[in-house]
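The residues making up each chain are set out below.
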Amino acid sequence: MAGKTDVVVVGGGYAGVMAANRLTRRDDVSVTLVNPRPAFVHRIRLHQVVGGTGTAVVDYREVLARDVRLVVDSVTRIDAAGRSAQLASGAAVGYDYLLYAVGSGSAGPQVPGAAEFAYPIAALEEVQRLLPVLDAAPVPAAVTVVGAGPTGIETAAELAERGRGVTLVCGGVLGPYLHRRGRRSVAGRLAALGVKVVQGPAAEVVAVTREAVRLADGRELPSALTIWTAGFGVPDLARRSGLGTDALGRLLTDETLTSVDDDRIVAAGDSAAPSGLALRMSCQTAMPLGARAADTILSRLAGQQPEPLRRLPGAQCVSLGRGTGVFQFGNRSDVAVWFHIGGRLGARMKEAVCKGVVRHLADEARKPGGYRLHRLKGVAGRRAALAGAGAGAAAADERVSQARPGPAAEETIKA
């Protein structure tokens, strides 16, 4: 519209929706959200879709501000010089600012046979592809879940609770982000559900066939159905558009989430790498990053200096079926501490988080600017924290979880 600043948000996940909603604070900003799906996917419930215990699709009318224009399409290239986003449909959308929030998905396993015989579940479409195969498999058929992180743990628990015979292959340690006490709680519950956990470096998957999973030590595990949850990657849109990225393909930004190449491009969520030191992939960080990215644009429009990132309190929660869960606390460097809450209370806390995520987005749609978790007092100085004593462990966990292609390398997408 004439006289308005056009902002295009690429990606309608946790970060993109939060950012789009927040940008409507100003009447002189026109916001367009480009997303390939017509509905919001609540990814932290996808394991429930696999288990048949819930849904992960939310109508955008419930979480997206009415003033945001939704374009159901995919961005194929960003023309930074021309300030336009090229769409798969052949159209183009011009912008004054572009907010890059394309999220993450399955990394595309390099293990022989995995692409042909294993079923990833990082996206709704992948889960929909799995469901008829799962329904057709006899209940006694051996199911193997590959991946040591929350997605693998939660999927294994959901299926086991429904009588499936499940083997969870970790490749490394079970729940690499968990403290050893939280890990024991998870292992105990999985054992009670009958899940066989195979872990350790010798248990890395080296091949997948139609009827088995082969491990590095030569063992072959019978598997009528193999579900792959090991490893997450990001779309290569930034790289294809000639923008600077890290090794994984995340857009390189400064601490205000502004692209190092173009101050009219701001990034948030799983696809952002602020100062080359990306945060853990999770909705826990995606929504605050979305709010911070929107605030960066709004600050510039107001002629103000954008604020840098603040650290966020670390935590993650893992459901273990419908009645049990673990809420793992962490420090401000996102390293797990000894304290966790398990059992039924842990499950209730996990469910509260899942509901709370949608509520936060809906609240921001109705009252833009109301979300404040990215501005918590006393949670500042991300650079100092990363350079300090706790940075070694946090950075090591990040490098291990994101660089290795094996099952232990799953990057959690959990809150």
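Everything below is about the structure printed above this text.
Residues numbered from 1 in each chain as written. Predicted model: local features only at pLDDT ≥ 70, side-chain atom pairs only at ≥ 80, totals over all residues. Heavy atoms only, no water.

Q: I keep staring at the overall build of the protein chain and nothing clicks. Help me out?
A: In terms of regular secondary structure, the protein chain is built from 12 helices and 25 strands. Each of the 415 residues in the protein chain was classed as buried or not, and the buried ones make up 57%. Of the contacts made within the protein chain by residues no fewer than 6 positions apart, 65% connect residues no fewer than 24 positions apart. For the protein chain, the accessible area works out to roughly 16,500 Å², and carbon and sulfur atoms hold 53% of it. (Helix = DSSP H or I, 4+ residues; strand = E, 2+ residues; numbered from the N terminus. Buried < 20%, exposed > 50% of the residue type's maximum accessible area, 1.4 Å probe, protein only. Contact = heavy atoms within 4.5 Å. Areas by Shrake-Rupley, 256 points an atom, 1.4 Å probe, with all protein chains shown as cover.)

Q: What is the right way to look at the packing of aromatic side chains in this model?
A: In this structure the tally under the stated criterion is 5 aromatic pairs. Counting every residue linked through ring pairs, the aromatic cluster contains Phe327, Phe329, Trp338 and Phe339. A cation sits over an aromatic face here: Arg264 above Tyr97, 4.7 Å from the ring centre. (Phe/Tyr/Trp six-rings, centres within 6.5 Å; stacked < 30°, edge-to-face > 60°. Lys NZ or Arg CZ within 6 Å of the ring centre and 35° of its normal.)

Q: Looking at this structure, how should I read the pairing of strand S1 (residues 5–10)?
A: Consecutive side chains along a regular strand alternate between the two faces of the sheet. Across the 6 residues of S1, 5 count as buried, placing the element largely inside the fold. With 6 bridges joining them, S1 and strand S2 (residues 29–35) adopt parallel strand pairing. Along S2, the bridge assignment pairs Asp6 with Ser30. Running through helix H1 (residues 14–23), the crossover from S1 to the neighbouring parallel element S2 is right-handed. (Pairing = 2+ DSSP bridges. Right-handed = clockwise from strand over helix to strand, strands pointing away.)

Q: For this particular structure, what's the right way to read the packing of H1 against helix H10 (residues 343–366)?
A: Helix packing geometry: the angle between the two helix axes and the distance between the axes. Here H1 crosses H10 at 25 degrees, and the two axes come no closer than 8 Å. Relative to H10, H1 is oriented roughly parallel. At the point where H1 passes H10, the crossing takes the left-handed sense. Of the residues in H10, those in contact with Tyr14, Val17, Met18, Asn21 and Arg22 of H1 are Val357, His360, Leu361, Glu364 and Ala365. (Axes fitted to C-alpha atoms, helices over the stretch in contact; angles between N-to-C directions. Parallel < 35°, antiparallel > 145°, perpendicular 65-115°, else oblique. Left-handed = near helix turned anticlockwise from the far one by under 90°.)

Purely spatial values, then, with no claim about function.
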